[in-house]
Amino acid sequence: AGMRVAVVGAGVSGLAATKCCLDEGLEPTCFEQSQDIGGVWRYTEHIEAGRPSLYPSVISNTSKEMSAFSDFPFPEHFPVFLPNALLLDYLRRYAERFGLREHIRCGTTVVSIRERPDFASTGQWNVVTEAGGKQTSHVFDAVMVCSGNFWEPSLPLQCFPGIERFRGQYFHSRQYKHPDVFQGKRVLVVGMGNSGVDIAVEASRVAAKVTISTTRGAWLLSRVFEHGYPWDMILNTRLMSLIKTNLPGPLSWWFINYKVNQWFNHENYGLQPENRYFLPVLNDDLPSYILTGRITIKPGVKEFKDNSVLFHNCPEEEPIDVVVFCTGYTVSFPFLEESVVRVENKHASLYKYVFPTHLQKPTLAVLGLIKPLGAIMPVAEMQARWVSRVFKGRGANVSPPVPKNAAQTKLDMFYPSSWGDPSAKEFREDKGWLVYLDTLASFIGAKPSVLGLLCTDPWLALTIFFGPCSPYQYRLGGPGRWEGARQAILTQWDRVLKPTRTRVPAGSSSSFPSLLVVVGFLLLLAAVIFGFL
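Quick caveat: nothing in here was measured; it's all calculated off a predicted structure.

> Explain the overall build of the chain here, please?
Within the chain, the regular secondary structure consists of 17 helices and 22 strands. Within the span of the chain, comprising 533 residues, buried residues form 54% of the whole. For the chain, contacts bridging at least 24 residues in sequence account for 68% of all contacts bridging at least 6. Carbon and sulfur atoms make up 54% of the accessible area of the chain, which totals about 22700 Å².

See the structure below:
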């Protein structure tokens with residue numbers, strides 16, 4: 001029999017994990033506690049315990065070409081940014097296309113995962129699951145934890161003095177579904193992540209007034225970026241990554257500052273973040289809502305009174321009826337022993353954000369915990385490709401280090417993000433989404449070589465370097481090579497323009513700024529000469 005792998009959860013990461021196991025000839029069993037697949041993208045009107053909860057208006061922050069699994073492009077007629085129902089539809093098509101359904105057991109909760117007594121030699125796990133009130137015990141050779149991080153709300157009420165005497169209504173953003181609760185009310189939104197800004201914008205269409213309280217401010221990006229192209233297809237390119245990683249710190253900071261302030265000056269809108277390294281927030285409406293007075297930005301909350309709130313450095317009280325705490329989520333693994341993934345101060349000690357640093361055998365991995373500035377699908381999939389090859393015991397050039405002593409493993413501790421806690425320093429992915437993908441791809445031999453392609457397929461090389469780093473690049477070679485990868489890369493702009501160029505015949509878009517190519521070619525030569533690549 002093949003190697004048996006337990007996959008916990010059937011969201012984005014769980015589906016990718018199941019598929020990559022099948023690709024590597026492993027035998028996955030995916031346990032999903034709810035009645036269907038899709039994880040955070042499956043909207044339900046009622047809020048289920050232990051499951052993520054969406055509001056109906058959620059739209060993906062990353063564009064379809066950058067969010068696709070690397071061997072399964074989105075249908076061309078899908079919009080460029082996806083309403084949650086279409087993203088769920090895509091995940092279902094993915095499960096269908098690769099025959100994942102038969103490996104998924106819905107309505108089955110993972111109760112506990114424990115090392116077997118002979119773990120040191122076998123690396124095996126005892127997994128206890130529960131379905132319909134009955135518990136079952138299984139033995140698995142390896143485990144992929146894909147249980148996500150958006151189901152346990154973090155609401156640190158102790159950080160908000162006086163909340164116990166506040167007479168209005170307050171709730172965590174997880175409870176939010178529809179804006180009608182704000183009709184005619186004075187609303188305070190605490191926290192400025194993506195949910196906070198979304199909810200503030202929706203509330204301001206029906207509320208008497210809306211205030212956002214933010215301690216740290218935020219960079220704001222619009223999905224509609226330069227010349228109307230999707231933000232991530234412009235920012236997440238190999239050229240940009242090269243500029244960001246090779247410029248000296250202050251210059252790189254100036255460059256990012258310049259880019260994000262092109263849309264509007266953050267300082268004038270009360271948004272300039274204090275800390276330079278930050279995940280931006282995506283919203284298309286906030287600046288105009290601030291400009292039209294629908295939304296006001298204030299500093300952090302000092303204390304709550306009966307019917308009002310006081311902000312730091314602001315003498316006057318602000319009357320408030322409803323408070324929404326958009327304070328993020330806590331990462332937890334109730335089915336694991338605490339010693340396996342040590343979560344301290346909202347950080348977990350994981351090698352490359354995936355492997356617990358102190359297991360004797362690398363037979364348990366955590367997927368999809370990282371918060372990148374870019375789409376999570378390609379990241380979770382790349383993690384799964386690496387992990388499934390490590391589990392197989394061959395084919396990964398880099399496996400996680402086996403701990404010899406604590407001092408040695410310290411070097412390899414990487415920390416996933418701290419979620420929304422104003423006191424914790426936001427984790428910053430030093431080099432970014434693309435560098436992380438490249439790192440994992442190089443572990444399995446799937447990283448594309450721009451220089452190698454320059455000689456054999458120059459047009460593709462230029463597209464890969466100057467164009468968006470779409471996930472298909474990681475299927476050009478190596479294990480899991482996909483025949484359609486080259487074609488998918490060369491037609492990516494056609495799929496972007498197809499759903500919007502609906503009044504005029506779609507011309508070819510692949511001439512995407514031709515000037516860029518010329519300038520690019522010169523820059524590439526310079527880069528080669530200076531040995532950047």
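Now that the structure is up, let's keep going.
> Which parts of the structure should I look at to understand the pairing of strand β10 (residues 209–213)?
Successive residues of a regular strand alternate their side chains across the two faces of the sheet. The buried count for β10 comes to 4 of 5 residues, which makes it a mostly enclosed element. Where strand β9 (residues 186–190) and β10 come together, 5 bridges link them in parallel fashion. Residue pairing in the sheet places L188 in a bridge with T211 of β10. A crossover connection joins β9 to the parallel β10 through helix α5 (residues 194–203); in handedness this β-α-β unit is right-handed. As paired elements, β10 and strand β13 (residues 295–298) share 4 bridges and run parallel to each other. Each residue of the ladder has a partner; that of S213, found in β13, is K298.

> Hey, could you run me through the sheet that holds strand β4 (residues 109–115) in this one?
Two strands in a sheet stick together by hydrogen bonds in their backbones, pointing the same way (parallel) or opposite ways (antiparallel). Reading across from one edge, β4-β5-β6 is the order of the 3 strands in this open sheet, with antiparallel pairing throughout. Edge strands, defined here as strands with exactly one partner in the open sheet, are β4 and β6 (134–140). Strand-to-strand twist across the sheet, computed as the mean angle between neighbouring axes with direction ignored, equals 20°. Bridge analysis of strand β5 (residues 125–131) against β6 gives 7 bridges, and the strand direction is antiparallel. Each residue of the ladder has a partner; that of A131, found in β6, is K134.

> How should I be thinking about the sheet that holds β9 in this particular structure?
One open sheet holds the 5 strands; their spatial order is β8-β17-β9-β10-β13, and the pairing between them is parallel. One side of each edge strand has no neighbouring strand; the edge strands of this open sheet are β8 (169–172) and β13. Strand-to-strand twist across the sheet, computed as the mean angle between neighbouring axes with direction ignored, equals 20°. As paired elements, β8 and strand β17 (residues 322–325) share 4 bridges and run parallel to each other. Considered in β17, the bridge of H172 is made with F325. Lying over the sheet, α5 contacts β9, β10, β13 and β17, oriented at roughly 165° with respect to β10.

Calculation notes
- Residues numbered from 1 in each chain as written.
- Predicted model: local features only at pLDDT ≥ 70, side-chain atom pairs only at ≥ 80, totals over all residues.
- Heavy atoms only, no water.
- Helix = DSSP H or I, 4+ residues; strand = E, 2+ residues; numbered from the N terminus.
- Buried < 20%, exposed > 50% of the residue type's maximum accessible area, 1.4 Å probe, protein only.
- Contact = heavy atoms within 4.5 Å.
- Areas by Shrake-Rupley, 256 points an atom, 1.4 Å probe, with all protein chains shown as cover.
- Pairing = 2+ DSSP bridges.
- Right-handed = clockwise from strand over helix to strand, strands pointing away.
- Axes fitted to C-alpha atoms, helices over the stretch in contact; angles between N-to-C directions.

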